[in-house]
Amino acid sequence: MIEQNLLQEFKISLEKERSLLTAELTSIADPDPKMKGDWHARFPKFEIVETSSSSDREVEADEIEEYEMRLAEEQSLESRLLAVTKALERISNGTYGSCKTCGKAIAIDRLRANPAAEHDMAHSV
Ligand SMILES: [Zn+2]
């Protein structure tokens, strides 16, 4: 069992991370209304500047490039957010800090480095 004050510390840092991740996701993606925790990267729409020398086609290519970057970013933010959310759930149901594979306690140092860790050293992936 993890001490209450430590648990509180991890909870605070996880909640902080969750709001940061949510803010970052919101800036590039929309949440799926039907599937909780699923996000979709928004297609960027760049202004076509009249005075700019770039053609519509170039603007389009830039948009696609930006969209591909967003897709990759959205995926990594989404999976991190999922891990953080799951860790917070484990805190509320009292299973936080135990390895998902063997049930042994995860080292506090490991949780400090990554409060969303699901596994101990032996079962890290
Ligand atoms: Zn384990």
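Refer to the structure above for everything that follows.
First things first, this report covers the structure right here in the doc. (Residues numbered from 1 in each chain as written. Predicted model: local features only at pLDDT ≥ 70, side-chain atom pairs only at ≥ 80, totals over all residues. Heavy atoms only, no water.)

With respect to the overall build of the protein
Here is step 1: Each helix and strand in the protein was counted, giving 3 helices and 2 strands.
Here is step 2: The N-to-C order of helical and strand elements in the protein reads α-β-β-α-α.
Here is step 3: Sorting the 125 residues of the protein into buried and exposed places 30% on the buried side.
Here is step 4: In the protein, the proportion of contacts linking residues at least 24 apart, taken out of those at least 6 apart, comes to 52%.
Here is step 5: Only carbon and sulfur atoms are counted for the fraction: they give 54% of the accessible area of the protein, which is about 8600 Å².
Here is step 6: Put simply, the protein has 16 plus and 25 minus side-chain charges, and the middle of one group is 10 Å from the middle of the other. (Helix = DSSP H or I, 4+ residues; strand = E, 2+ residues; numbered from the N terminus. Buried < 20%, exposed > 50% of the residue type's maximum accessible area, 1.4 Å probe, protein only. Contact = heavy atoms within 4.5 Å. Areas by Shrake-Rupley, 256 points an atom, 1.4 Å probe, with all protein chains shown as cover. Lys, Arg positive; Asp, Glu negative; His and termini not counted. Charge placed at Lys NZ, Arg CZ, Asp CG, Glu CD.)

Remarks on the environment of Ser 92
Here is step 1: Looking at where Ser 92 falls in the secondary structure, it is placed in helix 2 (residues 56–93).
Here is step 2: Expressed as a C-alpha distance, the spacing of Ser 92 and Lys 11, which sit 81 residues apart in the sequence, is 9.4 Å.
Here is step 3: Here the side chain of Ser 92 touches Leu 88 through a polar contact of 3.0 Å, landing on its backbone oxygen. (Polar contact = N/O pair within 3.5 Å; in protein donor to acceptor, adjacent residues only side chain to side chain.)

A look at helix 1 (residues 4–28)
Here is step 1: Between its first and last C-alpha atoms helix 1 spans 36 Å; for 25 residues at 1.5 Å apiece the expected length is 36 Å, and the two agree.
Here is step 2: All of the buried residues in helix 1 are Leu 6, Leu 7, Phe 10, Leu 14, Leu 21, Leu 25 and Ile 28.
Here is step 3: As for helix 1, its buried residues are in contact with strand 1 (29–31), strand 2 (39–41), helix 2 and helix 3 (108–113). (Expected span 1.5 Å × (residues − 1).)

Describing the coordination of the zinc ion
Here is step 1: Within the protein, Cys 99 (SG), Cys 102 (SG), Asp 120 (OD), Asp 120 (OD) and His 123 (ND1) serve as the donor atoms for the zinc ion, at 1.9 to 2.6 Å.
Here is step 2: Along the chain, the residues donating to the zinc ion fall in the pattern C-x2-C-x17-D-x2-H. Of this pair, Cys 99 sits in the loop between helix 2 and helix 3 while His 123 sits in the segment after helix 3, placing them 24 residues apart in sequence.
Here is step 3: For Cys 99, a relative accessible area of 4% gives the class buried.
Here is step 4: You can call His 123 partly exposed: its relative accessible area is 30%. (Donors = N, O, S within 2.8 Å, 3.2 Å for Na, K, Ca; no water.)

Here's the deal with the packing of aromatic side chains
Here is step 1: The tally for this structure, following the rule as stated, stands at 2 aromatic pairs.
Here is step 2: Here Phe 10 and Tyr 96 contribute two aromatic rings whose centre-to-centre distance is 5.8 Å and whose plane-to-plane angle is 45°, an arrangement assigned as tilted. With Phe 10 in helix 1 and Tyr 96 in the loop between helix 2 and helix 3, this residue pair connects regions lying 86 residues apart in the sequence. Pair check on accessibility: Phe 10 and Tyr 96 agree, each one buried. (Phe/Tyr/Trp six-rings, centres within 6.5 Å; stacked < 30°, edge-to-face > 60°.)

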